[in-house]
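The chain contents come next:
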Amino acid sequence: MDFKIHESFQNVVQGEGYHAGRPCDFIRLYGCPVGCYFCDTGYAKDNTTKIMKYKIPQEKLLDDLKSNFVVISGGEPFIHKNINVLCENLIQINKDVAIETSGAFYQNVNDKVWITLSPKHHISPKYPVKQEVWQRANELKIVVDTGYELDFYKDFIINFNGYKYLQPEFDDMEKTLPLVLKLLQTHQDFKLSLQTHKIIGVR
């Protein structure tokens, strides 16, 4: 079984959210239709740089792993029809597994898989978060650019039972970090998430 990937890399750290600071490997699957303008993996709508795509056998992906914790990102992982098989095989070799998703797509995966929901419906109206993702996700990570993102999702946040994070958009931190710090004063059920891997210069 082959997977279309953008890249994979090992022996790094998760920089964001609940698992920030944890050693991990990344598998970045190829493709995402959502088109967030601040996408840091090349899928922004105005991006003109060709995104490399490789078809990699699952066996090689597994053989290359170095860490106990594997983060599957993209792009959008849930557009890949065999994502559940990849998760199962990672679990069978005793890996902890996390998936980072916009929530616009979903497939059932093992309950052991940690799901990070970073919704982008406020940016791309055609891609609302599926209800089952709101119910299944272990953590919610809202990237703040304007400060109005929480208002957009307020009806969903009320019933969200996982961990909740606000993350300033990295490319405009002089504006977005003060916005997040102000929001945290009135939304104290959220915590601050920073892209610490970028801050410390780790991939």
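Residues numbered from 1 in each chain as written. Predicted model: local features only at pLDDT ≥ 70, side-chain atom pairs only at ≥ 80, totals over all residues. Heavy atoms only, no water.

A. View of the pattern of salt bridges. Across all of its chains, the model carries 7 salt bridges by this definition. The partner of arginine 28 in a salt bridge is glutamate 7, with the nearest N and O atoms 2.7 Å apart. Pair noted here: arginine 28 is in strand 2 (residues 23-29) and glutamate 7 is in strand 1 (residues 2-13), with a separation of 21 residues, a long-range link. Given a relative accessible area of 17%, arginine 28 falls into the buried group. Close ionic contact of aspartate 64 with lysine 60 constitutes a salt bridge, the shortest N to O distance being 3.1 Å. The exposure class assigned to aspartate 64 is partly exposed, which follows from its relative accessible area of 26%. Among the ionic contacts, a cluster of salt bridges with common partners joins Asp145, Asp172 and Lys175. (Salt bridge = Lys/Arg side-chain N within 4 Å of Asp/Glu carboxyl O. Helix = DSSP H or I, 4+ residues; strand = E, 2+ residues; numbered from the N terminus. Buried < 20%, exposed > 50% of the residue type's maximum accessible area, 1.4 Å probe, protein only.)

B. Representation of the environment of leucine 140 in the model. Inspection of the secondary structure puts leucine 140 in strand 7 (residues 139-144). Given the relative accessible area of 0%, leucine 140 is considered buried. Considering only alpha carbons, one finds leucine 140 and proline 128, 12 residues apart in sequence, at a separation of 15 Å. For leucine 140, the residues in contact, after removing those within four places along its chain, are Leu117, Pro119, Trp134, Ile157, Phe160, Tyr163, Lys164, Tyr165 and Phe190. (Contact = heavy atoms within 4.5 Å.)

C. Representation of the nonpolar core in the model. Counting residues in each nonpolar core, the largest one holds 39 residues, and the members touching the most others are Ile72 and Leu166. When residues in this core are grouped by element, the largest group, 5 residues, is from helix 2 (residues 83-92). By size, the runner-up hydrophobic cluster in this structure holds 8 residues, among which are Val12, Phe69, Ala98 and Trp114. (Core = buried A, V, L, I, M, F, W, Y, C linked by side-chain atoms within 4.5 Å.)

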